[in-house]
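# Reading the structure
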Amino acid sequence: MTDVSETDGRTMNYGKEQVAVYRTFGTPLEGVRTIPESQFTGRDNTIFGAEVRVQVEGEAFLPSFSEGDNSMVVPTDTMKNFIHHQLGEYDGATLEGFLYFVGARFLEQYSQMDSIRVSAEELPFEERPVPGEDGFESSKLVFRVADSESGFGEVALDRGDDDPVIKEHTSGVTGIELVKVKDNSFVGYVQDEYTTLPERENRTLYVALDIFWTYADSEDALGEDPERYVPAEQVRDIAQVVFDWFDVNSIQDLIYRIGERTLERFPQLESVSFEANNRTWLKVRDDLEGDAKVLREPPRPTGFQQFSMDRNDLKGEDVE
Ligand SMILES: O=c1[nH]c(=O)c2[nH]c(=O)[nH]c2[nH]1
């Protein structure tokens, strides 16, 4: 006989990924706090898309692995249909709120699921300008299918006594790609017999960035209180403003400053983390007038930086 303790600690889960789902005319996100680094004040949610991943766990699934007994198995195809359906039931306005909603619904519907992890990448769309009465305005109907940065969310839920309990959560913005054409350096690094990279006092820096954050109180991630919600657009905008403002000496230096500013702006956040990639172009010509250069793609391999920070890293300086 198999008891629970014997199965403790093993990896056993299954689920569905790449579940793309779209919703039109959702609940608008209104009432977020504005910050000086961003023009973002809310989202209409006229169109919303996400690619969802769901992963479920439960001791009841062991016989499906060990004995080929599917009597407790919810097909992953059904999971996909369930996600599609629940986006129509969700009446909130955020990606993380939807992930919590759909996760909680799964636990309610299928008692054999002990816990669930749901994550998603937003599939972004952009408003398009059309001529209106006072110049151009955003079309209310036509959107560009965008290849831009997108929101990210993940929640892991356990069954609680009453409502599900959020065991882990992460929010984020992924796919940021920024180029700064001058006022960046990379100097002062280790020089030895293996070094071929010349020091650069002023390089054109191209960085790809994913930024993730956690809240001190995971409920704040859901967006039910929009004043305490951190929109991915505002973090994206902090990143580009900090890049514009500071003459940094490396990507390491850049992401630390973005992290500091993000934690200072949003006291409700517990931590911020980064995955950065260096895509800096190589110089072909700099014999042109002024700061002008001709550049080319870098060859492989590429460098990366990962960093996480929390409130202990702040030096206690106020931001205006
Ligand atoms: O911002 C950078 N950080 C590095 O650690 C590094 N290493 C390198 O070759 N180029 C760069 N750029």
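Residues numbered from 1 in each chain as written. Predicted model: local features only at pLDDT ≥ 70, side-chain atom pairs only at ≥ 80, totals over all residues. Heavy atoms only, no water.

The terminal C-alpha atoms of helix α5 (residues 232-245), which comprises 14 residues, lie 20 Å apart, in line with the 20 Å expected from a rise of 1.5 Å per residue. Extensive coverage of α5 is indicated by the burial of 10 of its 14 residues. Among the residues of α5, Ala232, Glu233, Gln234, Val235, Asp237, Ile238, Ala239, Val241, Val242 and Phe243 are the ones counted as buried. (Helix = DSSP H or I, 4+ residues; strand = E, 2+ residues; numbered from the N terminus. Expected span 1.5 Å × (residues − 1). Buried < 20%, exposed > 50% of the residue type's maximum accessible area, 1.4 Å probe, protein only.)

With 35 residues, the main nonpolar core has Val207, Leu209, Ile211, Trp213, Ile258 and Phe274 as its most contacted residues. Only β7 (165-180), β8 (205-215), α5, α6 (251-265) and β9 (269-278) provide two or more residues apiece to this core. Leaving out residues up to four positions away in the same chain, Trp213 has contacts with Thr170, Ser171, Gly172, Val173, Val230, Ala232, Val235, Leu269, Ser271 and Val272. (Core = buried A, V, L, I, M, F, W, Y, C linked by side-chain atoms within 4.5 Å. Contact = heavy atoms within 4.5 Å.)

A word on a negative patch on the surface. A contiguous patch of negative charge, built from Asp91, Asp161, Asp162, Asp163, Asp217, Glu219 and Glu224, is present on the exposed surface. Following the sequence through the fold, Asp161 ends up in the loop between β6 (150-158) and β7. We classify Asp161 as exposed; its relative accessible area is 88%. (Patch = residues over 30% accessible without salt bridge, like charges linked within 9 Å, V, L, I, M, F, W, Y side chains within 5 Å. Areas by Shrake-Rupley, 256 points an atom, 1.4 Å probe, with all protein chains shown as cover. Salt bridge = Lys/Arg side-chain N within 4 Å of Asp/Glu carboxyl O. Lys, Arg positive; Asp, Glu negative; His and termini not counted. Charge placed at Lys NZ, Arg CZ, Asp CG, Glu CD.)

Here the focus is the packing of helix α3 (residues 76-89) against helix α4 (residues 95-109). At a minimum axis separation of 10 Å, α3 and α4 run at an interaxial angle of 125°. With respect to their mutual orientation, α3 and α4 come out oblique. Crossing hand, α3 versus α4: right-handed. Residues Met79, Phe82, Ile83, Gln86, Leu87 and Glu89 of α3 lie in contact with α4, whose contacting residues are Phe98, Phe101, Val102, Arg105, Phe106 and Gln109. (Axes fitted to C-alpha atoms, helices over the stretch in contact; angles between N-to-C directions. Parallel < 35°, antiparallel > 145°, perpendicular 65-115°, else oblique. Left-handed = near helix turned anticlockwise from the far one by under 90°.)

For the rest of this paragraph, the subject is the site of the ligand. Neighbouring residues of the ligand: Phe186, Leu197, Arg203, Ser250, Ile251, Gln252, Asn278 and Gln305. Arg203 is positioned such that a nitrogen or oxygen atom in its side chain is 2.8 Å from an oxygen atom of the ligand. Between the ligand and Asn278, the relevant distance is 3.4 Å, taken from a nitrogen atom to a side-chain nitrogen or oxygen of the residue. Considered on its own, the ligand offers 290 Å² of accessible surface; in the complex 70% of this is hidden by protein. More than half of the atoms of the ligand fall within 2 Å of the grid points belonging to the second largest pocket. Looking at side-chain class alone, the shell around the ligand contains 3 nonpolar, 4 polar and 1 charged residues. (Near = heavy atom within 4 Å. Polar contact = N/O pair within 3.5 Å; in protein donor to acceptor, adjacent residues only side chain to side chain. 1 Å grid on protein atoms, 1.4 Å probe; cavity = no way out; pocket = protein on both sides within 12 Å on 5 of 7 lines; lining within 4 Å. Sits in = over half its atoms within 2 Å of the grid points. Nonpolar A, V, L, I, M, F, W, Y, C, P; charged D, E, K, R; others polar.)

Attention shifts here to the layout of surface pockets. One number sums up the size of the largest pocket: a volume of about 920 Å³. If you go around the largest pocket, you meet 39 residues; those closest to its centre are Phe40, Gly42, Arg43, Phe125 and Glu233. For the lining of the largest pocket, the secondary structure elements donating two or more residues are β2 (47-57), α4, β4 (125-132), β5 (135-145), β6, β7 and α5. Residue composition of the lining of the largest pocket, by class: 16 nonpolar, 12 polar and 11 charged. Looking at which domains feed residues into the lining of the largest pocket, each of domain 1 (14-170) and domain 2 (172-313) supplies at least three. Taken as a whole, the second largest pocket encloses approximately 360 Å³ of empty space. (Points joined across faces, edges and corners; volume = space filled by probe spheres on them. Domains from an automatic or database assignment.)

On to the pattern of salt bridges, then. Taken as a whole, this structure holds 21 salt bridges when the rule is applied. The salt bridge partner of Glu37 is Arg261, with a shortest N-O separation of 2.9 Å. Of this pair, Glu37 sits in the loop between β1 (14-24) and β2 while Arg261 is found in helix α6, placing the two residues 224 residues apart along the sequence. Each member of the pair, Glu37 as well as Arg261, is classed as buried.

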